[in-house]
Each structure stands twice: as C-alpha cells, then as structure tokens.
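Chains, contacts and geometry: an overview
If you want the building blocks of each chain, they are given just below.
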Amino acid sequence: MAFLRTICAQRATSNLVYSRNKNNRSTNSSVWGVKGKATKAASTNKTNEKELCHAIERDQQDPKLSKTPKCQLNRWQQRQYQHQLLSSILFAPIYTSERTISTKSPFNRSVVAAQQEEVSQTKRAHPHKPPQHQPNVPVNPQRDPLDVSFNDPVAAFKSKTTWELIRAYLVYTVCSIEPVVENNLKIMKATRALLGDTLFVALMKSTFYGHFVGGENRYSTVPTLKRLRSFGVKPILDYSVEEDLSQEEAEKREVESSVSSAGDMKDDGAIPKYHVEKSFADRRYKVSSARTYFYLNEATCERNMEIFIKCLEAVSGATFGTGITAIKLTALGRPQLLLQVSEVIMRTRKYMEDLVGGQGNVLTHHKTINDLEKYYSSLGDNKNVKDFLKNVTSDKEGILHLFPWSGIVDEDSQLSDTFRVPDPQTGQMRRLISQIPPKEEEMFRNMIRRVNTIVKAAAELDVRIMIDAEQTYFQPAITRITLEMMRKYNKEKAIVFNTYQCYLRETFAEVVTDLEQAKRQNFYFGAKLVRGAYMEQERERAASMNYPDPICPNFEATTESYHKTLTECLRRIKVLKDSGEDARKIGIMVASHNEDTVRFAIESMKEIGISPEDKVICFGQLLGMCDYITFPLGQAGYSAYKYIPYGPVNEVLPYLSRRAQENKGVLQKIKKEKRLLLSEIRRRFMTGKILYKPKGNYVPI
C-alpha cells in the first residue's frame, strides 16, 4: 500500500492530465492524450485519488469488504489483483472503462463507485481477457496456388532473409555431421565455458538458437509471430526451458514421485506396466523429440501453471484468437497419480471384459444399466450393487463409464472411495486402486485445479490448448482428464485438443471410442495426430517388464495407422457436413513432417469435399524444420501452424540438443531442405536480391 500511496502522490503533484483521445474512439484500443498544463481537474483529482487510496487500503485491511481473501489467491492471481488496483489509481476517476468522467463538478463518490464496481465485475468475469485489438488485415489478402510436390523454393522461403537462409543451410550441414550431433550438448557447454556467457549467447542467437527458437521471452517472440502471420502461418507457443538434470538426479526424482508415501503396493490385480521401473525412471532415455518434466514439489507445478498461462496471454495478444498453446500434464502434478489413475482405467476394462465378455473400452461394449443388473442378479437385492449402479455414467445408448468421471474432475471426489466395483461373486465392494493417503488425494485435486485454471484461461482468451501425449503408462489418465476437459469447455467450439500417437497399435480404436463419446455427450472433439516420440524407450521398457510391445511393428504400419485414423476423422466430418450439422464439431491437426502424410491429408480433403475454409483440418510443424511444407500451405490458404519454442538461451540447450538429434534421424528431409535452400540462395544472388526483406500480404485462415 505504501507503493500505491507513492503513485498517488506522484500523480497528484504532476502537471500531467490523462484523458482519452476523442479522435480515436472508433478503435478498440485505448489511446491516451497527455496535456502539459495544470488544470482544475488536477486539483480535484488530488482529493479524489487520496479518497480512492484510503478506500482501497480499507478494503485490504477489512476482511469483510474483501470477497476473496488474499491468502487464498495464488501468486499469479495476486499479481492480476495488484495490476487492477494500480490501474484503478492511475486512471481513475478520469477514465473508467469506455467512459470519461468529468472532474469539473464536485466529486460524486456514488457515481464513480458504481462505475468502478461495473468495471470490477467485468474483470472478475473475464480475469484473463486482454484488450481486444483488431488485426491489420490486408484489403486483398494474397493466396498462392499450392505445389503439392513441395518443391518450390520461392514459396518455401519468401518469409526469410538471405542471411536466415544461409544460417539454415549451415545449421542443417552441422546436423548432418554425426560425431558433432552425438556430442552436441557437451560441445555447447564447453563452448560456453570457453567464450563466457555473453559471447556464447551471441553465438547461439546467430546460429542454432536463432534458427530453432522464437525468442527469450513472450515479448521477444512477437516479431516472429507477426512475421509468421503475414505469411499465412499461425503459432503454437511453448515455453521450452528444461532442467539440465543428471541421470542420477532424474531417476531419484522420478522414483520418489512415482510411489505413494504408503508404498508401492501391488495386489493380485496389479498391472506391472503402471508401476515405476528404476531402469527407465529417466524418461529422457532415447527420446529426442519431446520435452520432459520431473516432479519436484507442488510449488514447481504452480510455477508451471503460471508459465502456461503466460504462454496463453502471449499467443492471444499476438494472434487474435487463432493461436495454440501446448502443455504437458506431467508438468502440473505428481506422476504417481497419473500412474494410479491409468492403472484404474485398465483394470476397469479388464473387469468389464470378465463380466460381459469382449474387449476394449467400457463404452465399446454397448451395455445398459439393465444389462449390468442381470449380471449381478445372482447377488439378490444387494445395497452395494444398487449404490454402484446409481453412479454409472450412461445415456439412452448405453453405459459410457463405470465411474462418475465428471464428479472427479468437477468436484472434490475422493479417488480411493470412487474407484470401487462390486465383486460379481460376493457382492462385496473391492478397490481398483490402492488406498491413497489424504495428502496425495489433495495433490490430485491440485493437479485438476491447475488444468481447470489453464483451460478456463484459454477459453476466456480464445486460445486453444493442446495437451501433449506422453508415455503409454501415463496416457490413459491423460486422455481421460483431457476428454473431461473437452466435455466441460468444448461446448461451443474446440478449445481443448488431445494428442494421439499413431505409432501405437491401439490408436485407431482409441480415437473411434473418443469420437463416439464426444458425439453422445455433445461436445466438440479436438485431436492432434502425431507419429510418436517415445518408440525406442517404449519397446525396451515393454521387453524388460514383460508386457506386450505397444508400438506398431514398422514405419509402414505406423503410416497406415496414421492414415486410417485421419480417414475416419474426415469421414465423420463429412457426415456432419452432409447432415447440416456443424462440421467443426471435429477438429484435427495433422502434425507431421512427413510430406507424404500431408499430401494424403490434402488429397483426402479434396476427395470428400472438405475445403480449407471449413476450418476443420490444420497442419503443424516445428519452427526451423520443414519450412518447405508449412509456408506453402499457409500461403495457399490452408490452416498452417509452426510450433514455436521460447526461453533464455542457456536454459533451452536441452531443447536445442534434441532438435539436433532429431534432424540427424531425418537425413532425407534435411537433404531436400538443403537442396531447396541452396536453390533459393543461388537465385537471390543471381537476381540481385541479396538484401531481400520479407514482407507478407497473407492472412491465416
């Protein structure tokens, strides 16, 4: 409050008067005029500001006047509250919302208080909503024909300066040198020690960092986002800072956070896959294309939540509602809880299979409550069975879930009490999850609260959330939580997207089941289709722990899985479109660097009559990779995205190391990209366009 009083005092003694520029009332942004002479308003404001400061101070000190005790706010909410207080002092009572308050007449406290309350209610209703600025849309946005062979170097690189092309060629050349790539992280650390931080940062910004990373913070990424937009490409923003942990430290953290304080209890129905294995506790093992979080404590998870919300704000401010932010659930909670919930889901499937026969998800059995009653009929009038059946989630077509997942996500249900089923022989209730201590129950509720907070902010900011896929032993829980967030927030459009890894044998069946749930529960379904990031690790873990290999046998089988899954999604979109329903009830991102898969998607869209303007299919690639695919798509009117990492140079070295490793594994793509780069560099030198400055006239779809 001392700081706020100081601000008031400085304003009161200043000879500046702030007012809204009347000539700019037609715009959405707030424009302020500054008059250099003291006026009567200034002396009146002096009194008003003192009264406002005293009122705010009283509100802070009197708990009865404060609707939300400050102790119940997290750090991010406190900062938002402080910013609102500061704004109310700096700009009240002269400017409030869209009104100018005259201060020539005596101070009308009741009027100003009413207007202040109106603004406060708006801010409380939309705490994350930034000022709405309209994009500068070209009168005649450009559209180019698409070369589906992706062999046009001009279309691929018209968004780049000549220096950026030369840098890209050099980066790809280095990524082709195997000894350098294998030891890239050691080389970067040695170079930093030799040059010192200042020179090392400058070197990285002019080479690898500059090519693969969008900027050091959300503000420095804005020029990159604006340039992408001007060439028809939208962003997926991701804060890519990673801890540089040793293998020993990573294993220690993972083992400690993957086992309950009550111990790793394995009853007769336990599934070994969903229990931690120390030799695979370092989840970075043989993973080159995915970021990894290791749980430290709840405070770290809170910080991760705040970082994700900052990503949302950055995307919203620079992309006018067309951007996306990617998050990982392992960043928001204790991995033990994801393991336990995943095991519950798989044990529930096994229980259903034993009870009614068949295989697969509970929904796929197409059984009703009456069917279950028949299976339990031998137990007679059993109270446990009746109570259990009351909580089964079903509709007129049958049972969706054996447990009330909506209650688990929306309310404070206890996991240990919820995940119980009646024994078909005795009628006694048995747990499908080991007893969870109260502290860990609270941790699960905290994780769900964080996810809810992030998705709610995304909905208010009109930014989409893509929840990344992770290892198969976490994925059942991640998918279940994500679908419940879709049910809750995807009521008018797809805000939440789940990620499906098509190298998994079960992906097609899982997508079909989830599409069916979305249809029956009437929410918008969003999916990002990827090939997968954990293949070698998954195969070795399955062999070591003696459970079936979850990965498709080869590259061709993975491609078939991807195309089959995409085709099913497109078929359902066409059904919606032909029946007059909203085709956008299904939204798909084709996240692939494989040009054959991208071509397949484009050709399939044409065959079934889906156009880019339908806005149901989009494409995505990483920043600094496969520009020859992304930019021609965006410039031809397709919905195209770049996945843009950002963060301080020294803290994104693990990310840069992974990019080098990943590029080493796709030498054919590098070979084509280098050929196109060299062709465009040569063309610019031959035509005197060495100093070419990119200036796009495209508008993203």
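Remember, predicted model here, so these are calculated numbers, not experimental data. For every chain, the first residue of its written sequence is number 1, and the numbers climb from 1 along that sequence. Residues qualify for local features only when their pLDDT is at least 70, as the model is predicted, and side-chain atom pairs are given and counted only at 80 or more; totals for whole chains, interfaces and linings, by contrast, use all residues. For the side-chain quantities, the full set of heavy atoms in the structure was used; hydrogens and water were omitted.

1. Re the environment of Tyr376
Within the element layout of this structure, Tyr376 appears in the loop between helix 15 (369-375) and helix 16 (383-390). With a 1.4 Å probe rolled over the protein chains alone, any residue whose accessible area is under 20% of its type maximum counts as buried; one over 50% counts as exposed, and the rest are partly exposed. Overall, Tyr376 belongs to the buried group, its relative accessible area being 2%. Sequence-wise, Tyr376 and Pro422 are 46 residues apart; in three dimensions their C-alpha atoms are separated by 8.7 Å. Contact definition: two residues touch when any of their heavy atoms are within 4.5 Å. Excluding its chain neighbours within four sequence positions, the residues that come into contact with Tyr376 are Tyr351, Leu355, Val385, Phe388, Leu389 and Pro422. In protein, a polar contact requires one atom able to donate a hydrogen and another able to accept it; more generally it is a pair of N or O atoms within 3.5 Å, and residues adjacent in sequence count only if both atoms are side-chain atoms. For Tyr376, the side chain forms a polar contact with the side chain of Tyr351, separated by 2.7 Å. The helix and strand labels rest on DSSP assignments: H or I over at least four residues marks a helix, E over at least two residues marks a strand, and numbering proceeds from the N terminus.

2. Description of the pattern of salt bridges
Salt bridges are identified by distance alone: a Lys or Arg side-chain nitrogen within 4 Å of an Asp or Glu carboxyl oxygen. Scanning the entire structure with this criterion turns up 41 salt bridges. Across the pair Lys205 and Glu216 runs a salt bridge, and its minimum N-O distance is 2.8 Å. One end of the pair, Lys205, is in helix 9 (residues 197-205); the other, Glu216, is in the loop between helix 10 (208-212) and helix 11 (222-230), and 11 residues separate them in sequence. A relative accessible area of 31% places Glu216 in the partly exposed class.

3. Here we look at the nonpolar core
Counting 156 residues, the largest nonpolar core has Phe525, Ile588, Phe619 and Leu656 as the members making the most contacts within it. Phe525 has contacts with Leu483, Met486, Tyr500, Asp514, Leu515, Ala518, Lys585, Ile586, Gly587 and Ile588, leaving out every residue within four places of it along the chain. Among the nonpolar cores identified, the runner-up in size contains 7 residues, and Ala290, Ala533, Tyr534 and Ile551 belong to it. Buried Ala, Val, Leu, Ile, Met, Phe, Trp, Tyr and Cys residues form a nonpolar core when they are joined through side-chain atoms within 4.5 Å.

4. Structural notes on unusual backbone geometry
The backbone of His366 sits at a positive phi, close to 55°, despite the residue not being glycine. With respect to the element layout, His366 can be found in the loop between helix 14 (335-356) and helix 15. Positive phi, normally seen in glycine, also occurs at Asn522, with a value near 60°. Within the secondary structure, Asn522 sits in the loop between helix 21 (507-521) and strand 13 (525-530).

5. Re helix 21
To estimate the expected span of a helix, subtract one from its residue number and multiply by 1.5 Å. A rise of 1.5 Å per residue sets the reference length of helix 21, with its 15 residues, at 21 Å; its end C-alpha atoms lie 21 Å apart and thus fit the reference within 8%. Burial in helix 21 covers these residues: Thr507, Val511, Thr513, Asp514, Leu515, Glu516, Gln517, Ala518 and Arg520. At the C-terminal side of helix 21, Asn522 shows a positive phi close to 60°.

6. Concerning the confidence of the model for the protein chain
Confidence of the predictor at the level of single residues is captured by pLDDT, which takes values from 0 to 100. The predicted model of the protein chain averages 82 in pLDDT, with 78% of residues at 70 or higher. With pLDDT under 50 throughout, residues 85-112 is counted as low confidence; its partners more than four residues away or in other chains account for 66 contacts.

7. Some thoughts on the state of the cysteines
Think of a disulfide as a covalent bridge from one cysteine sulfur atom to another cysteine sulfur atom. Only a pair of cysteine sulfur atoms within 2.5 Å qualifies as a disulfide here. Counting across every chain of the model gives 0 disulfides. In this model Cys502 remains outside any disulfide bridge; the closest cysteine sulfur is found in Cys552, 8.5 Å from its own.

8. A word on the packing of aromatic side chains
Only Phe, Tyr and Trp rings take part, Trp by its six-membered ring, and two of them pair if their centres are within 6.5 Å. Stacked means planes under 30 degrees apart, edge-to-face means over 60, and tilted covers everything else. Counted under the stated rule, the structure contains 10 aromatic pairs. An angle of 35° between the planes, with centres 6.2 Å apart, marks the rings of Tyr500 and Phe525 as tilted. In this pair, Tyr500 sits in strand 12 (residues 496-501) while Phe525 sits in strand 13, placing the two residues 25 residues apart along the sequence. Take Tyr500 and Phe525: they sit in the same class, and that class is buried. In textbook terms, an aromatic cluster arises when at least three aromatic residues are bridged by ring pairs, as seen for Phe403, Trp405 and Phe419. We call a charge positioned above a ring when the Lys NZ or Arg CZ atom is no farther than 6 Å from the ring centre and deviates by at most 35 degrees from the ring normal. Across the ring face of Phe508, the terminal group of Lys564 is positioned such that the distance to the ring centre comes to 4.3 Å. Over the face of the ring belonging to Tyr169 we find Lys674, whose NZ or CZ atom lies 5.5 Å from the ring centre.

9. A word on the sheet that holds strand 5 (residues 233-239)
Strand order around the closed barrel formed by 8 strands is 5-6-11-12-13-14-15-16, with parallel pairing between neighbours. If you compare each strand with its neighbour and ignore which way they point, the axes differ by 30° on average. As paired elements, strand 5 and strand 16 (residues 639-646) share 7 bridges and run parallel to each other. Across the sheet, residue Asp238 finds its bridge partner in strand 16, namely Pro645. The strands touched by helix 11 are strand 5 and strand 16; relative to strand 5, the strand with the most contacts, the crossing angle is about 155°. On the sheet, helix 25 (residues 627-635) packs against strand 5, strand 15 (617-622) and strand 16 and is oriented at approximately 130° with respect to strand 16. Two strands form a pair only when DSSP identifies at least two bridges running between them. To get an axis, a line is fitted to the C-alpha atoms, and for a helix only the part in contact is used. The angle between two axes follows their N-to-C directions and goes from 0 to 180 degrees.

10. Section: the pairing of strand 13
Counting buried positions along strand 13 gives 6 out of 6 residues, so the element sits mostly inside the fold. Along strand 13, one buried face is formed by Phe525, Ala527 and Leu529 and the opposite face, lined by Gly526, Lys528 and Val530, is buried too. For strand 12 and strand 13, the ladder comprises 4 bridges, and the chain directions are parallel. By the bridge assignment, Tyr500 is partnered in strand 13 with Leu529. Whether a crossover is right-handed comes down to one check: with the strands pointing away from the viewer, does the path from the first strand over the helix to the second run clockwise; if it does, it is right-handed. A crossover connection joins strand 12 to the parallel strand 13 through helix 21; in handedness this β-α-β unit is right-handed. For strand 13 and strand 14 (residues 586-591), the ladder comprises 5 bridges, and the chain directions are parallel. Opposite Phe525, over in strand 14, you have Ile586 as the bridge partner.

11. Quick word on a nonpolar patch on the surface
Taken together, the side chains of Leu194, Leu195, Leu199 and Leu203 present a nonpolar region at the surface, about 390 Å² in accessible area. Those elements that provide at least two residues to the nonpolar patch are helix 8 (184-195) and helix 9. Overall, the relative accessible area of 36% leaves Leu203 in the partly exposed class. The patches described consist of residues with a relative accessible area above 30% and no salt bridge, like charges being joined within 9 Å and nonpolar side chains (Val, Leu, Ile, Met, Phe, Trp, Tyr) within 5 Å. The protein chains shown are the only cover counted for residues, whose accessible areas, like all others here, come from Shrake-Rupley with a 1.4 Å probe.

12. Topic: the pairing of strand 12
Consecutive side chains of a regular strand alternate in pointing toward one face of the sheet and then the other. Among the 6 residues in strand 12, 6 count as buried, and that is most of the element. Pairing analysis gives 3 bridges linking strand 11 (residues 464-467) to strand 12, with the strands arranged parallel. Looking at the pairing, Ile465 lines up with Val496 of strand 12. A crossover connection joins strand 11 to the parallel strand 12 through helix 20 (residues 475-489); in handedness this β-α-β unit is right-handed.

13. Observations regarding empty space enclosed by the protein
Of the two site types, the cavity is a set of points on a 1 Å grid over the protein atoms alone where a 1.4 Å probe fits but cannot get out, and the pocket is an open set with protein on both sides within 12 Å along at least five of seven lines, each lined by residues with an atom within 4 Å of a point. Grid points are joined across faces, edges and corners, and a volume is the space filled by probe spheres set on the points. With the rule as written, the count across this model stands at 6 cavities of 30 Å³ or more. What the largest cavity holds in volume is close to 80 Å³. Along its surface, the largest cavity is lined by Asp144, Pro145, Leu146, Asp147, Phe150, Asn151, Asp152, Ala155, Tyr628, Pro632 and Gln635. Here the lining of the largest cavity gets 3 residues from one element, more than from any other, and that element is helix 25. Basically, the charged four are Asp, Glu, Lys and Arg, the nonpolar ten are Ala, Val, Leu, Ile, Met, Phe, Trp, Tyr, Cys and Pro, and anything else, Gly included, counts as polar. Residues that form the lining of the largest cavity fall into these classes: 6 nonpolar, 2 polar and 3 charged.

14. Details of helix 11
By the burial criterion, the buried members of helix 11 are Leu225, Leu228, Arg229 and Ser230. A positive backbone phi angle near 80° is found at Gly232, which sits one or two residues after helix 11.

15. Overview of the side chain of Arg283
Mapped onto the fold, Arg283 is located in the loop between helix 12 (247-257) and helix 13 (298-319). The exposure class of Arg283 is buried, given its relative accessible area of 2%. Within the structure, the side chain of Arg283 is placed 2.8 Å from the side chain of Glu254, a separation counted as a polar contact. With sequence-adjacent residues up to four places away left out, Arg283 is seen in contact with Glu254, Thr292, Tyr293, Phe294, Thr330, Glu470, Gln471, Tyr473, Phe474 and Gln537.

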